[in-house]
Amino acid sequence: MDDFYREEILDHYFGSSQRGRLDHPSLSADGTNPLCGDAIHIDLAVDEQGTISAARFDGAGCAISQAAASMLTEYLEGRTTDEARAVSAEEMLKMLKIPFTPARLKCALLGWKTVQKALTPKAEPDQPAANS
Amino acid sequence: MDDFYREEILDHYFGSSQRGRLDHPSLSADGTNPLCGDAIHIDLAVDEQGTISAARFDGAGCAISQAAASMLTEYLEGRTTDEARAVSAEEMLKMLKIPFTPARLKCALLGWKTVQKALTPKAEPDQPAANS
Amino acid sequence: MSSGEASPWMTDADTDHHLKESFMGRAGEIQPEPMFDPHSIRADFPALAREVRPGVPLIYLDNAATSLKPWPVIRAVQAYDVDFPANVHRGLHTLSEEATAAYEGARGKIARFLNASSDSEIIFTRGTTDSINLVALSWGRATLRQGDEILLSAMEHHANLVPWQMLAQEKGVVIRYAELAPDRTLDLDSFDRQINERTKLVAITAMSNVLGTIVPIQEITRRARSAGAVLLVDAAQAVPHQRIDVRALDVDFLAFSGHKMCGPTGIGVLYGRQALLDQMPPVIGGGDMVTHVDRAGAEWNELPWKFEAGTPPIAQAIGLGAAVDYLSQFPWDQVVALHHSLVRRAEALLSAIGGIHLLTPPNQVNGGVISFTVDRVHPHDLAQILDRSGVAIRAGQHCAMPLHQTLGLAATARASFYLYNKHEDVDVLAEMLQNAQKVFHRR
Amino acid sequence: MSSGEASPWMTDADTDHHLKESFMGRAGEIQPEPMFDPHSIRADFPALAREVRPGVPLIYLDNAATSLKPWPVIRAVQAYDVDFPANVHRGLHTLSEEATAAYEGARGKIARFLNASSDSEIIFTRGTTDSINLVALSWGRATLRQGDEILLSAMEHHANLVPWQMLAQEKGVVIRYAELAPDRTLDLDSFDRQINERTKLVAITAMSNVLGTIVPIQEITRRARSAGAVLLVDAAQAVPHQRIDVRALDVDFLAFSGHKMCGPTGIGVLYGRQALLDQMPPVIGGGDMVTHVDRAGAEWNELPWKFEAGTPPIAQAIGLGAAVDYLSQFPWDQVVALHHSLVRRAEALLSAIGGIHLLTPPNQVNGGVISFTVDRVHPHDLAQILDRSGVAIRAGQHCAMPLHQTLGLAATARASFYLYNKHEDVDVLAEMLQNAQKVFHRR
Ligand SMILES: Cc1ncc(COP(=O)(O)O)c(C=O)c1O
Ligand SMILES: Cc1ncc(COP(=O)(O)O)c(C=O)c1O
Ligand code: FES
Ligand code: FES
């Protein structure tokens, strides 16, 4: 019916089991979409082998940004941090299967960018998102 | 031939007997046309009865501004300062008999404005024209 | 605006009358003509004829962001480019004289439109933002001292907020905010508590771009005057939607943009009281704002050119003049009534749907803006879903983040009307909102 | 530009080559096409079809003030007003996305036109004057300290003079001037004497709007670099007349206007080196230049939007993009050669008349400007007399009063050419100048 807001996207938006925070995340980061002020928080638990045992997202935003974050965190669980780092923006967009306008691109990539930020070795100490 | 630059205007422009300075002017003033930077100096000699015995103009500028100043100073000689003060902008334009565009209006009225300035009782001490 | 619907703070009959006079122009002489009909002018706006995509006509409800442009304005801009594309002021040739006459003629039209005392009080700028910054960088930097106060309201657009914050940072000036009343109109009691003898400037919007409500400027003027403060009015929304008389309102500065009132982009106006403008230093230096320059320094030109350095937006000023002509032909009290009735209709239809929360204060004098949130649907998703039906609304914080913080909302959706919008547009909006709810509610 | 005609300071073959490369773009790949013919494009410029008064066609020789506009530019502006008259950046609806794509697309075109490193280095402004003032108010106010020096040349336009004088006044900065050589070209020896370790900024025109001569920017860059000074180039005349490659020229800031290069009024560009722009504070506050605002303060947006507060000149930026496309289709070395040959022809014809004094240095690389005085005829009278024959020239000081003071001239007349001017235009100019002499010489 609506290729943007199809079943799968809305499932991730409303009923994601990935939504939430970890008590003791190994890595985490906050990201903001400057166009709208929406923010995403990412928590990752990484075991000694470098495998992501749990990934969670939290935040408020549009269906696209939240669904994307949900899909990505789901995908990351069980994968290594190296594999996670290797996920490209294009792969993120492919997961979403949505025809993107420039404005929605930032929505689609908000979670992905925040994950990349969490995975960046020399990540600065986390700052509260500006406008959450 | 050319209704702007007709004989009379050019006579005043090139051969005006009004051009020059007075040795001991009773009143004088400087005026500038901000559009072009052209400047006019006006000297008036006024006798005890308030009659303008001599009027001179000096300066560099377009034919219109110089001719207008020449015509006006010629007209003023023998008239009282009250009569001089009463000369309106319209009368000045009538003397010139030229169809005026807005830009040339400032040319036509430069001498007239400077005369009015010279005649203004509380005229500030004369300043050298900015751009002469 | 039917006379029964006055905002609660307009209790004083006199104020009410003045307000109407100054906002509505010839409101006194009630016109016997038939009610203004938006259908009659839709053909003037070529964008209304377009389809957003094949088979989907445009329903443009983003007028608070920018209005559509009518043919007379488009043609006026084109006439400059085609017939007399010359620079102004400095040329003696015919094209330059024509351009100068058209450019200065537009200034005159705007002066008369606002009932300014003289053309010298009309400074052409790039827009409202530019106009307000001009006051901040000129009057503000020259006048304000550490400890002075600027009074704003809780509902200002960033354009009337950030310039003052930048100035406050530089000068050690204190910014205060007049709060909203519980019904989200301006709280005049709060205003009275915030204004004091240190208040050097009151800078306030005449109409909120989020709430649509109209601020009673004469109430503000009276208060600013008795505090001895200068009054700047952000009229970006008010000038397109009301008739503004700067002398009746007795304001010091008034800023607005061409593009929200049928004019081109790239042009705006700062009205300033001559006595203030005369004292103010220029901000931007260059050609045309000087009478003399030498290696040591320069002398400033007279008003308004002192504030118009360089080649101005000539075609755009001429276009704005055409927009003023265009708008002036309508019985303006009826246009005001149209905007008001569109909002009333939207209020009624949207409240009936359920799950929709209106931000716009109910039953207020409103210049044609309605903001809302829809349960479970993020405003941006809403805007996108509506767009597929050709309905253009705006989502986000509408450059009014502090207002959204005050209201505790991350983002809102906004529909805003202008003189070509019809009641059917509101009906489609309501229908499409229900459609969006269905998409999001189906589980 | 025939290769024999190099300016005297272009002695170094290498510099000469670089200069040509950066100014003339693909000059290396000499085109085999037939010589660029201005007749072939005159139909693109509707103003050329007009009569100044019945029976008197327009001969437009005031291009240094503003150029005529071709249909593709007029149509691009109109397309925005007709098809997608929406605000940019903040909207999710189709019109807004189309407007944003067109606006940012224009930025991309300009970045490529200038060979900038990134679109972020292209700031849309209102024009050259606005661009230069932006640097003065942002970089200048943040960086310069008492005793620092700014080096200008004797031939600057007020736009590249007054902003620095205002800054100097505020900051106690010293302004120095590189003088002209006796042939009225820039005296590089004087430049070398004026630049020193206190010089923090060199701000210089790339082409004089009065003399028409082209300043060897790479020579200037080299000197600014070794002094450790920032280099700003006023390219208001150069961008319309030459191909500019900001990376080859290695400049820090470059300012120009749309209206002198076939674009609309109301738009200009500041190119800035990203590393500098990144450090610079914004000047104008408002919407779009922030990512976050609360009552306490704001966070700035990234480049280029940090410097573009409020609704930008959308239609005008799109029009400038169209102008860049329009100009880019021509073999530019041939256009440069055309301008040069028009000036050569004017030089030859005017010198032959007698009583005419050319200001424009003879036999120099010239971008299409010739200035002169005529004995006994004031330049304004001259302009007026020529106008009656449809010939549009400019008279006065051309916003370069200090240059005129240096030259000891109260005013000059200027004819300036662009790519639609033909040799016949020069012939008519010469004829009409003789006619004017007759009017004034008849006694
Ligand atoms: C060399 C030069 N610099 C600056 C300017 C100012 O340009 P604008 O008036 O478009 O701001 C001009 C044109 O007037 C110019 O010729
Ligand atoms: C109330 C208000 N003030 C200021 C502005 C800024 O206007 P502009 O973007 O045209 O400078 C707007 C519109 O965006 C507005 O609605
Ligand atoms: S609208 Fe904010 S992330 Fe999509
Ligand atoms: S042109 Fe200067 S006074 Fe006429």
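Residues numbered from 1 in each chain as written. Chains lettered and ligands numbered in written order. Predicted model: local features only at pLDDT ≥ 70, side-chain atom pairs only at ≥ 80, totals over all residues. Heavy atoms only, no water.

(A) Examining the interface of chain B and chain D more closely. Between chain B and chain D, the residue contacts involve 19 residues of the former and 14 residues of the latter. Taking both sides of the interface into account, the surface hidden between chain B and chain D amounts to around 1600 Å²; carbon and sulfur atoms contribute 49%. Where chain B meets chain D, there are one salt bridge. Measuring nitrogen to oxygen at the nearest pair gives 2.9 Å for the salt bridge that ties Asp 381 of chain D to Arg 104 of chain B. Linking chain B with chain D are six residue pairs in polar contact (both at pLDDT 80 or more), by the criterion used here. Those elements that place two or more of their residues in the side of chain B that touches chain D are helix H1 (7-15) and helix H2 (63-76) of chain B. No other element matches the five residues that H1 of chain B contributes to the side of chain B that touches chain D. When the residues that make up the side of chain B that touches chain D are grouped by side-chain class, the tally is 10 nonpolar, two polar and seven charged. (Contact = heavy atoms within 4.5 Å. Buried area = accessible area lost by both parts, 1.4 Å probe. Salt bridge = Lys/Arg side-chain N within 4 Å of Asp/Glu carboxyl O. Polar contact = N/O pair within 3.5 Å; in protein donor to acceptor, adjacent residues only side chain to side chain. Helix = DSSP H or I, 4+ residues; strand = E, 2+ residues; numbered from the N terminus. Nonpolar A, V, L, I, M, F, W, Y, C, P; charged D, E, K, R; others polar.)

(B) Inspection of the relation of the copies chain D and chain C at higher detail. Aligned on chain C, chain D shows an RMSD of 0.0 Å; the corresponding rotation is 180° and the shift along the axis is 0.0 Å. Interpreted geometrically, this transformation is the action of a two-fold axis. Considering only C-alpha atoms, the part of chain D nearest the rotation axis is Gly 266 of chain D, at 3.0 Å. Comparing interface residues between copies, 100% of those in chain D also lie at the interface in chain C; the contact surface is shared. (Least-squares fit on C-alpha atoms with pLDDT ≥ 70 in both.)

(C) Representation of unusual backbone geometry. All names here are of chain C. Residue Leu 303 is joined to Pro 304 through a cis peptide bond whose omega torsion reads -5°. With respect to the helices and strands, Pro 304 occurs in the loop between strand S12 (297-300) and helix H11 (314-328). At Arg 184, a residue that is not glycine, the phi angle is positive and equals roughly 65°. Residue classification places Arg 184 among the partly exposed residues on the basis of a relative accessible area of 21%. Phi at His 398 is positive, roughly 50°, even though this residue is not glycine. For His 398, the location among the structural elements is in the loop between strand S16 (394-396) and helix H14 (401-407). Assessed through its relative accessible area of 7%, His 398 is described here as buried. (Buried < 20%, exposed > 50% of the residue type's maximum accessible area, 1.4 Å probe, protein only.)

(D) Broad picture of the interface of chain D and chain C. On the chain C side, the residues contacting the 93 residues of chain D number 95 residues. For the chain D and chain C pair, buried surface summed over both sides reaches about 7200 Å², with 57% attributable to carbon and sulfur atoms. The tally of links from chain D across to chain C stands at eight salt bridges. Of the charged contacts, one joins Glu 170 of chain C and Arg 141 of chain D as a salt bridge, the two residues approaching to 3.1 Å between their closest N and O atoms. The tally of links from chain D across to chain C stands at 40 residue pairs in polar contact (both at pLDDT 80 or more).

(E) Spotlight on the sheet that holds strand S3 (residues 52-60) of chain B. Residues and elements named next belong to chain B. Pairing is antiparallel in the open sheet, where three strands are placed in the order S1-S2-S3. Whereas interior strands pair on both sides, the edge strands pair on one side only; in this sheet they are strand S1 (27-32) and S3. Taking the axes of each pair of neighbouring strands and ignoring which way they run, one obtains an average angle of 15° across the sheet. In the packing of H2 onto the sheet, the strands contacted are strand S2 (39-46) and S3, and the crossing angle to S3 comes to about 170°. Contacting S1 and S2, helix H5 (residues 102-119) runs over the sheet at an angle of about 140° to S1. (Pairing = 2+ DSSP bridges. Axes fitted to C-alpha atoms, helices over the stretch in contact; angles between N-to-C directions.)

(F) Molecular detail of the site of ligand 1. In the vicinity of ligand 1, 14 residues are found, and the nearest of them are Thr 311 of chain C together with Thr 129, Asp 234, Ser 257 and Lys 260 of chain D. Those chains with residues close to ligand 1 are chains C and D. In the model, an oxygen atom of ligand 1 is placed 3.4 Å from a nitrogen or oxygen of the Thr 128 of chain D main chain. Gln 237 of chain D places a side-chain nitrogen or oxygen 2.7 Å from an oxygen atom of ligand 1. When the free accessible area of ligand 1 is taken as 390 Å², the share hidden by the protein chains comes to 97%. (Near = heavy atom within 4 Å. Areas by Shrake-Rupley, 256 points an atom, 1.4 Å probe, with all protein chains shown as cover.)

(G) Spatial organisation of the site of ligand 2. Around ligand 2, the surrounding shell holds 14 residues, and the nearest of these are Thr 129, Asp 234, Ser 257 and Lys 260 of chain C together with Thr 311 of chain D. Those chains with residues close to ligand 2 are chains C and D. Within the contact set of ligand 2, an oxygen atom lies 3.4 Å away from a backbone nitrogen or oxygen of Thr 128 of chain C. Side-chain polar atom of Lys 260 of chain C to an oxygen atom of ligand 2: 2.7 Å apart, as the coordinates give it. Computed on the free molecule, ligand 2 has an accessible area of 390 Å², of which 97% lies beneath the protein chains in the complex. Partitioning the shell around ligand 2 into residue classes produces two nonpolar, 10 polar and two charged.

(H) Spatial organisation of helix H12 (residues 332-353) of chain D. Residue and element names in this part refer to chain D. Given a rise of 1.5 Å per residue, 22 residues ought to cover 32 Å, and the 32 Å separating the end C-alpha atoms of H12 matches this to within 8%. With 16 of 22 residues buried, H12 lies mostly within the body of the structure. Directly beyond the C-terminal end of H12, a positive phi value near 90° is found at Gly 354. (Expected span 1.5 Å × (residues − 1).)

(I) The sheet that holds strand S3 (residues 52-60) of chain A, seen in detail. Residues and elements named next belong to chain A. In space, the three strands of this open sheet follow the order S1-S2-S3, with antiparallel pairing throughout. Of all the strands in the sheet, just strand S1 (27-32) and S3 have a single pairing partner and so form its edges. Taking the axes of each pair of neighbouring strands and ignoring which way they run, one obtains an average angle of 15° across the sheet. Direction of pairing for strand S2 (residues 39-46) relative to S3: antiparallel, over a ladder of eight bridges. Note that in S3 the partner of Ala 45 across the bridge is Ala 54.

(J) Region of interest: the pairing of S12 of chain C. Residues and elements named next belong to chain C. Of the pairings in the sheet, the one linking strand S11 (residues 290-294) to S12 comprises four bridges and is antiparallel in character. Within S12, the residue paired with His 292 across the bridge is Glu 299. The hairpin formed by S11 and S12 contains two residues between the paired strands.

(K) Local environment of the packing of helix H2 (residues 71-83) of chain C against H11 of chain C. Residue and element names in this part refer to chain C. At a minimum axis separation of 8 Å, H2 and H11 run at an interaxial angle of 150°. One finds that H2 runs roughly antiparallel with respect to H11. Between H2 and H11 lies a crossing of right-handed hand. When H2 is examined against H11, the residues Pro 72, Val 73, Ala 76, Val 77, Tyr 80 and Asp 81 are found in contact with a partner set consisting of Ile 314, Ala 315, Ile 318, Gly 319, Ala 322, Ala 323 and Tyr 326. Residues that form the contact of H2 with H11 fall into these classes: 11 nonpolar, one polar and one charged. (Parallel < 35°, antiparallel > 145°, perpendicular 65-115°, else oblique. Left-handed = near helix turned anticlockwise from the far one by under 90°.)

(L) Representation of the side chain of Thr 73 of chain A within the structure. Residue and element names in this part refer to chain A. Along the chain, Thr 73 falls in helix H2 (residues 63-76). Within polar-contact distance, the side chain of Thr 73 engages the backbone oxygen of Ala 69 at 2.8 Å. Of the polar contacts made by the side chain of Thr 73, one reaches the backbone oxygen of Ser 70; its length is 3.0 Å.

(M) The arrangement of the packing of helix H3 (residues 94-114) of chain C against H11 of chain C in detail. Residues and elements named next belong to chain C. It is at 8 Å that the axes of H3 and H11 come closest, and there the two elements cross at 40°. Considering their axes alone, H3 and H11 lie oblique with respect to each other. Like other packed secondary-structure pairs, H3 and H11 cross with a definite hand, here left-handed. Across from Ala 102, Tyr 103, Ala 106, Lys 109, Ile 110 and Phe 113 in H3, the residues of H11 making contact are Ile 314, Ala 317, Ile 318, Leu 320, Gly 321, Val 324, Asp 325 and Ser 328.

(N) Region of the structure containing helix H1 (residues 7-15) of chain A. Here H1 of chain A has its buried residues at Ile 9, Leu 10, His 12 and Tyr 13 of chain A. Along the axis of H1 of chain A, the buried residues cluster in a sector spanning 160°; they form a single face. Check the buried side of H1 of chain A and you find it contacts H2 and helix H4 (89-96) of chain A together with helix H15 (423-441) of chain C. (Arc of directions from axis to C-beta.)

Interpretation note: all reported values are geometric properties and have no functional meaning in isolation.
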